[in-house]
Amino acid sequence: MEITDILDFIIEYMNIILFGIIFISILFRIFIKKVPSGTVVIIDRKGHYLKTVKFGHYFFNPITDKITTQISTRSFSKTYTNIFETYDEQYLKITFLAKYKTQNIETTLKALSDNRRSIDDVINCSVYNVLKSLNSSDIVHKVQLKQLLQQKASFDALSLSFILEDIYVTSIIDTQITSQDDLFKPHVSSGNSAIKYY
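Overview of the structure. (Residues numbered from 1 in each chain as written. Predicted model: local features only at pLDDT ≥ 70, side-chain atom pairs only at ≥ 80, totals over all residues. Heavy atoms only, no water.)

## Regarding the packing of aromatic side chains
Our working definition: Each pair of aromatic rings taken from Phe, Tyr and Trp, with Trp reduced to its six-membered ring, is defined by centres within 6.5 Å and is described as stacked if the planes are under 30 degrees apart, edge-to-face if over 60, and tilted in the remaining cases. Where helices and strands are cited, they refer to DSSP runs of H or I of at least four residues and of E of at least two residues respectively, numbered from the N terminus. Under the scheme applied here, a residue whose accessible area is under 20% of the maximum for its type counts as buried, over 50% as exposed, and between as partly exposed, the area being computed with a 1.4 Å probe on protein chains only.
Evaluated as defined, the whole model comprises eight aromatic pairs. Residues F19 and F23 carry aromatic rings whose centres are separated by 6.3 Å and whose planes lie at 20° to one another, so their mutual orientation is stacked. Residue F19 and its partner F23 are located together in helix α1 (residues 3-31), separated by four residues, close to a single helical turn. What makes F19 exposed here is its relative accessible area of 58%. Three or more aromatic residues joined by ring pairs form one cluster here, namely F76, Y100 and F162.

Quick look at the structure:
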């Protein structure tokens, strides 16, 4: 074997090794997630509670897993889009941004568990209850709706030990539905046993 053959052999395997390192790092970024300190995530798999991750790295399958609640002592913003029904039976597709945090993660986890609710459920139910009490003609400006949502959602959030800092309506669109399943409906839990989030 000549020196050029040896160099070609090394270069060929270096490409394979480099490709392997890149491939493994991509898989790591897709399936391994990190929870920063002062934050907790609750993960569902196929619509059912899977686990609560309090700090560090965890395995996350983006195909079957969904982060249903993120609780943090730092402000966290999340965008929601749902179709809601008004008092006069009109359908509105509303997109809004909610910004929230907690002062004590363990207290919030316990309150959510005891009430069998998620933060997403609390915020969406607040919007549902406000819109169900209004006629579509009453919803003229996003600013007016924001004020009503802020009052209701802030009150509901405090009852479950988290703080809703702001809620901002980004769009309101009149829409039609093809099925009642398209509408947001409040979560109704069955049974008396609490979900263990902690």
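## Considerations on the sheet that holds strand β5 (residues 65-72)
The cut-off we apply is this: In this analysis, strands are considered paired if DSSP registers two or more bridges between them. Axes, fitted as lines to C-alpha atoms, cover a helix only where it is in contact. Angles between the N-to-C directions of the axes lie from 0 to 180 degrees.
Taken in spatial order, the three strands of this open sheet run β3-β2-β5, and their pairing is antiparallel. The open sheet has two edge strands with one neighbour each: β3 (48-53) and β5. The sheet shows a mean angle of 25° between the axes of neighbouring strands, taken without regard to direction. The sheet contact formed by strand β2 (residues 39-45) and β5 spans seven bridges and is antiparallel. Note on β5: the bridge partner recorded for V40 is I71.

## Comments concerning the sheet that holds strand β6 (residues 76-85)
Spelled out, the test is: Two residues qualify as a contact provided that any one of their heavy atoms is within 4.5 Å of a heavy atom in the partner residue.
Reading across from one edge, β6-β7-β8 is the order of the three strands in this open sheet, with antiparallel pairing throughout. Edge positions in the sheet fall to β6 and β8 (163-175), since each of these pairs with one other strand and no more. Ignoring which end each strand starts from, the neighbouring axes of this sheet average 20° apart. Across 11 bridges, strand β7 (residues 91-101) lies against β8 in antiparallel orientation. Looking at the pairing, F96 lines up with V169 of β8. Along the sheet, helix α3 (residues 119-132) makes contact with β6, β7 and β8, crossing β6 at roughly 40°.

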